[in-house]
Amino acid sequence: MDLCLRGGRVIDPRRGFDAEADLLLKDGVVGLVGAGIAEGVGSDVRIVDVRGLWVMPGLIDLHTHLREPGQEYKEDIASGTRAAAAGGFTAVCAMPNTTPPNDSRAVTELIVNRAREAGTVRVYPVGAITKGLAGETLAEMGELKEAGCVAVSDDGKPVMNAELMRRAMEYARTFGLTIVQHCEDLTLSAGGAMNEGAVATRAGIRAQPSSAESAMVARDIELCALTGARYHVAHVSSADSVRLIREAKRRGLPVSCEVTPHHLTLTDDACARYDTHAKCNPPLRGAADVEAQRAALADGTIDAVATDHAPHSPVEKEVEFEQAAFGMIGLETAVPLVLALVRAGTLSPADFVARLSAGPARVFGLPGGSLADGAPADVTVVDPEAAWTCDGRALRSRSRNTPFSGRALRGRVSLTVVGGSIVYSGEQPA
Ligand SMILES: [Zn+2]
């Protein structure tokens, strides 16, 4: 059934549109946007009143760990896409560090098929750069692209060997694939469980310096200049990294990056009491780094907010801090955490929408990210004022590992629409 969203504040930064309007979704694509459309539609169109709410192009997450195949006790494609829909995401990019890793056509096809069966949000697989994520031989990127991969990454691990990274970039360029790097010089991070600084010293936790990230960003930018490949920094976290990326963009290099909601929100103080849910990689940084990420997100140096949704079970998290796995879930808390930056005056509402939809679409060349005539009918409706308290147990993800459980949040997803069908409906719109 076709859908008309009536009376919301429609925000579409790609077209510079921000006004109260009706939005008609017809035959799976965006039809009309404007005033008074709902009055003219036939009885075959379902009208949903969204007055007081924000209506935007569907949110796209460049960095989601769905854990299937192989670690379904943490998450699977069905549960992960349900969490995505509840968080307002109409598309997610599935990272390849599954078991086995997504380094072949067979695994990519399995993910594509399982996502189709789950039937909630769009899933775009990200393939491996190297076979088995082992950092030794390149994966068959042509085959991965043909099977449906939209980018390549060894995420979870960096490609340490510079010569191999050069060849990966050359290879990826011929297939038009973006290289996504988890930037961490392992000889510098050396097993550090949190950010190097006063908090780690006081807590007595083995730490890694932020230069473990920025040193690899610097190296890769030089390789990007050498090869001309599209290069994307995953989960950027340090002030030095964003400075390097800003300079690279000024040089005209095809460099992009993403930041997570948690790196925009929390500092390494969250690790002071050994909360393993605050343990992630890259680690939470100091206040100056967080400020630098916020400024870079506002000025467009950072192209996208990506969740790095990383589900883990209590087996990996209810252990000593240094033994715990890295990562936290993030799909269902991204909207309120980024909205906090709008309330703080750091981002405009249009920036908020752009960094979560048009920006990520552009980075990987994905459909969506706009409400232009004929665009996919992927739409997210947000109540920017709704107050709620995050309860880890009430989230749709199979895992509970969030440091935000118990936190009072503002802003909530009301409706998520994919291809014209409602895949999530929260508190019933008025
Ligand atoms: Zn990573």
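Read on for an overview of the structure. Quantities reported herein were computed from a predicted structural model and do not represent experimental measurements.

**A word on the coordination of the zinc ion**
Around the zinc ion, the protein contributes the donor atoms Asp155 (OD), His182 (ND1) and His235 (NE2), which lie 2.0 to 2.3 Å from the metal centre. The sequence pattern describing where the donors of the zinc ion fall on their chain is D-x26-H-x52-H. Within this pair, whereas Asp155 is found in the loop between β9 (151–153) and α5 (162–175), its partner His235 is found in the loop between β13 (231–233) and α9 (239–250), the two being separated by 80 residues in sequence. Take Asp155: its relative accessible area is 3%, and that puts it in the buried class.

**What to know about the pairing of strand β7 (residues 89–94)**
The buried fraction of β7 is high, at 6 of 6 residues. Note that strand β6 (residues 59–64) and β7 share 4 bridges and pair parallel. Along β7, the bridge assignment pairs Ile60 with Ala91. Crossover handedness for the path β6 to helix α2 (residues 77–86) to β7: right-handed. The sheet contact formed by β7 and strand β8 (residues 122–127) spans 4 bridges and is parallel. Considered in β8, the bridge of Cys93 is made with Tyr124.

**Remarks on the packing of α5 against helix α8 (residues 211–227)**
Two numbers describe how α5 lies on α8: the axes approach to 10 Å, and their chain directions differ by 45 degrees. Compared by their axis directions, α5 and α8 come out oblique. In terms of crossing hand, the pair formed by α5 and α8 is right-handed. The residues of α8 that touch α5, namely those facing Ala162, Met165, Arg166, Met169, Glu170 and Arg173, are Arg219, Asp220, Leu223, Cys224, Leu226 and Thr227. When grouped by side-chain class, the residues that make up the contact of α5 with α8 number 6 nonpolar, 1 polar and 5 charged.

**Quick word on the sheet that holds β9**
The 8 strands lie next to each other as β6-β7-β8-β9-β10-β13-β14-β15, forming an open sheet whose pairing is parallel. Each edge of the open sheet is held by one strand with a lone partner, namely β6 and β15 (304–305). In this sheet, β15 lies alongside strand β14 (residues 255–259) in parallel orientation, the contact comprising 2 bridges. Following the sheet pairing, Glu258 is matched in β15 by Ala304.

**Here we look at the pattern of salt bridges**
Enumeration over the complete set of coordinates arrives at 26 salt bridges. Across the salt bridge formed by Glu222 and Arg251, the nearest N and O atoms sit 3.2 Å from each other. Of this pair, Glu222 sits in helix α8 while Arg251 sits in the loop between α9 and β14; the two residues are 29 residues apart in sequence, bridging distant segments of the chain. Ionic pairing is found between Glu385 and Arg410, a salt bridge with its closest N-O pair at 2.1 Å. Placement of Glu385 in strand β16 (residues 379–389) and of Arg410 in strand β17 (residues 408–418) is noted, with a sequence separation of 25 residues between them. Overall, Glu385 belongs to the partly exposed group, its relative accessible area being 47%. Its relative accessible area of 36% is what places Arg410 among the partly exposed residues. One network of salt bridges, in which partners are shared, links Arg6, Asp49 and Arg51.

**Here we look at the packing of aromatic side chains**
All told, the structure shown has 2 aromatic pairs when counted by the stated rule. Ring geometry for Trp54 and Phe352: centres 6.1 Å apart, planes at 65 degrees, overall edge-to-face. Here the residue Trp54 occupies a position in strand β5 (residues 54–57), and Phe352 occupies one in helix α14 (residues 349–356), the gap between them amounting to 298 residues. With relative accessibility at 0%, the residue Phe352 sits in the buried group. Plain terms: the ring middles of Tyr171 and Phe175 are 5.2 Å apart, the flat faces sit at 75 degrees to each other, and that makes the pair edge-to-face. With Tyr171 and Phe175 both in helix α5 and 4 residues apart, this pair spans about one turn of that helix. Given the relative accessible area of 28%, Phe175 is considered partly exposed. Over the aromatic face of Phe321 sits the side chain of Lys279, whose NZ or CZ is 5.7 Å from the ring centroid. A cation sits over an aromatic face here: Arg412 above Trp388, 4.2 Å from the ring centre.

About the cut-offs
The residue count restarts for each chain, going from 1 along the sequence in the order it is written. Only residues with pLDDT of at least 70 get local features here, since the model is predicted, and only at 80 or more are side-chain atom pairs given and counted; chain-wide, interface and lining totals rely on the full set of residues. Side-chain metrics rest on all non-hydrogen atoms present in the structure, leaving aside hydrogens and water. Each metal's donors are the N, O and S atoms found within 2.8 Å of it, except that Na, K and Ca use a 3.2 Å limit; water is left out, so coordination can look incomplete. Where helices and strands are cited, they refer to DSSP runs of H or I of at least four residues and of E of at least two residues respectively, numbered from the N terminus. We call a residue buried when its accessible area falls under 20% of the maximum for its residue type, exposed when it is over 50%, and partly exposed in between, using a 1.4 Å probe and counting protein chains only. By the convention used here, strands pair only if DSSP detects at least 2 bridges between them. Viewed with both strands pointing away, a crossover whose connecting path from the first strand over the helix to the second turns clockwise is right-handed. The angle between two axes is taken between their N-to-C directions and runs from 0 to 180 degrees, where each axis is a line fitted to C-alpha atoms and a helix contributes only its stretch in contact. Between 65 and 115 degrees an angle is taken as roughly perpendicular, under 35 as roughly parallel, over 145 as roughly antiparallel, and anywhere else as oblique. If you view the pair so one helix is near and one far, a crossing is left-handed when the near helix is turned anticlockwise from the far one by less than a right angle, and right-handed when it is turned clockwise. Contacts between residues were defined by any pair of non-hydrogen atoms, one from each residue, lying within 4.5 Å. Gly is placed with the polar residues, together with every amino acid not listed as nonpolar (Ala, Val, Leu, Ile, Met, Phe, Trp, Tyr, Cys and Pro) or charged (Asp, Glu, Lys and Arg). Here, a salt bridge means any Lys or Arg side-chain nitrogen found within 4 Å of an Asp or Glu carboxyl oxygen. The pairing test for Phe, Tyr and Trp rings, Trp by its six-membered ring, is centres within 6.5 Å, and the orientation test on the planes gives stacked under 30 degrees, edge-to-face over 60, and tilted for anything in between. Charges are assigned to positions over rings by a cutoff of 6 Å between ring centre and Lys NZ or Arg CZ, combined with an angular limit of 35 degrees from the ring normal.

Everything listed is a geometric property; what it means functionally is a separate question.
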